[in-house]
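# Structural overview for review
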Amino acid sequence: MGSTAHPAWLQPRYRRNIYLFIYYLIQFCGHSWIFTNMTVRFFSFGKDSMVDTFYAIGLVMRLCQSVSLLELLHICVGIESNHLLPRFLQLTERIIILFVVITSQEEVQGKYVVCVLFFFWNLLDMVRYTYSMLSVIGISYAILTWLSQTLWMPVYPLCVLAEAFAVYQSLPYFESFGTYSTTLPFDLSIYFPYVLKIYLMMLFIGEEACYWEGE
């Protein structure tokens, strides 16, 4: 008996593409909402809008960045072809900056650097997820391909500088409030501002790795 061909939607590659398209679409919608919200609020309220950026979009930003951790799994199981190390370093940087540095310190949330950092992050992600989403369904635009391959070169170092400045501005608050600093047995202790200062050095090392490997 001849074998019966499976419907297209049962093919593994087809199911993978559907999943990736939905994932990229969700990320695109989230980052587009953030970017549009920031832009409209800036033109409506000017510099005043920068102070409460985190309060307006922080929840959606945290959701998008948390979901993006799935991309490490995508790479490991082979459904995405990106390099694991640069993506791991980039996601780790964002999670630490967003959840550890900004979310934990209310005083940092109102700094201008948070608005600048979110702008750079979303600018990169809007282009990247748009390109990836359309690529999955076989649609390609020359200008979008060019942006996805070149925009990160000038913007990613600016992201790292903004991240470093956010860490620098947070140090006095971690020193004052003792957040995450703790005492361990045997007269040992963890002074978190020292950890952040070490992280600052590692941030630029990671930036070099991501820059030369490609985002």
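Note that this is a predicted model, so its numbers are computed, not measured. (Residues numbered from 1 in each chain as written. Predicted model: local features only at pLDDT ≥ 70, side-chain atom pairs only at ≥ 80, totals over all residues. Heavy atoms only, no water.)

### Examining helix α7 (residues 112-136)
Counted at 1.5 Å a residue, the expected span for α7 with its 25 residues is 36 Å, and the 36 Å between its end C-alpha atoms agrees. Counting buried residues along α7, 18 of its 25 residues qualify, which places the element largely inside the surrounding structure. Looking at the residues trailing α7, positive phi occurs at Gly138, about 80 degrees. (Helix = DSSP H or I, 4+ residues; strand = E, 2+ residues; numbered from the N terminus. Expected span 1.5 Å × (residues − 1). Buried < 20%, exposed > 50% of the residue type's maximum accessible area, 1.4 Å probe, protein only.)

### Things to note about helix α1 (residues 12-45)
Taking 1.5 Å per residue as the helical rise, α1 with its 34 residues ought to reach 50 Å, and the 49 Å between its terminal C-alpha atoms agrees with that figure. Within α1, the full set of buried residues consists of Leu20, Tyr23, Tyr24, Gln27, Gly30, His31, Ser32, Ile34, Phe35, Asn37, Met38 and Arg41. At its buried positions, α1 is contacted by α2 (48-51), α3 (53-67), α4 (70-77) and α7. (Contact = heavy atoms within 4.5 Å.)

### Section: the pattern of salt bridges
A side chain with one charge can pair with a side chain of the opposite charge if their charged atoms come near. Inspection of the entire model under this criterion finds five salt bridges. Salt-bridge contacts for Asp52 lead to Arg41; the nearest nitrogen and oxygen are separated by 2.5 Å. Here the residue Asp52 occupies a position in the loop between α2 and α3, and Arg41 occupies one in helix α1, the gap between them amounting to eleven residues. Note on Asp52: relative accessible area 31%, which makes it partly exposed. For the salt bridge of Arg128 with Glu71, the shortest nitrogen-to-oxygen distance reads 3.3 Å. With Arg128 in helix α7 and Glu71 in helix α4, the pair connects residues that are 57 residues apart, well separated along the chain. (Salt bridge = Lys/Arg side-chain N within 4 Å of Asp/Glu carboxyl O.)

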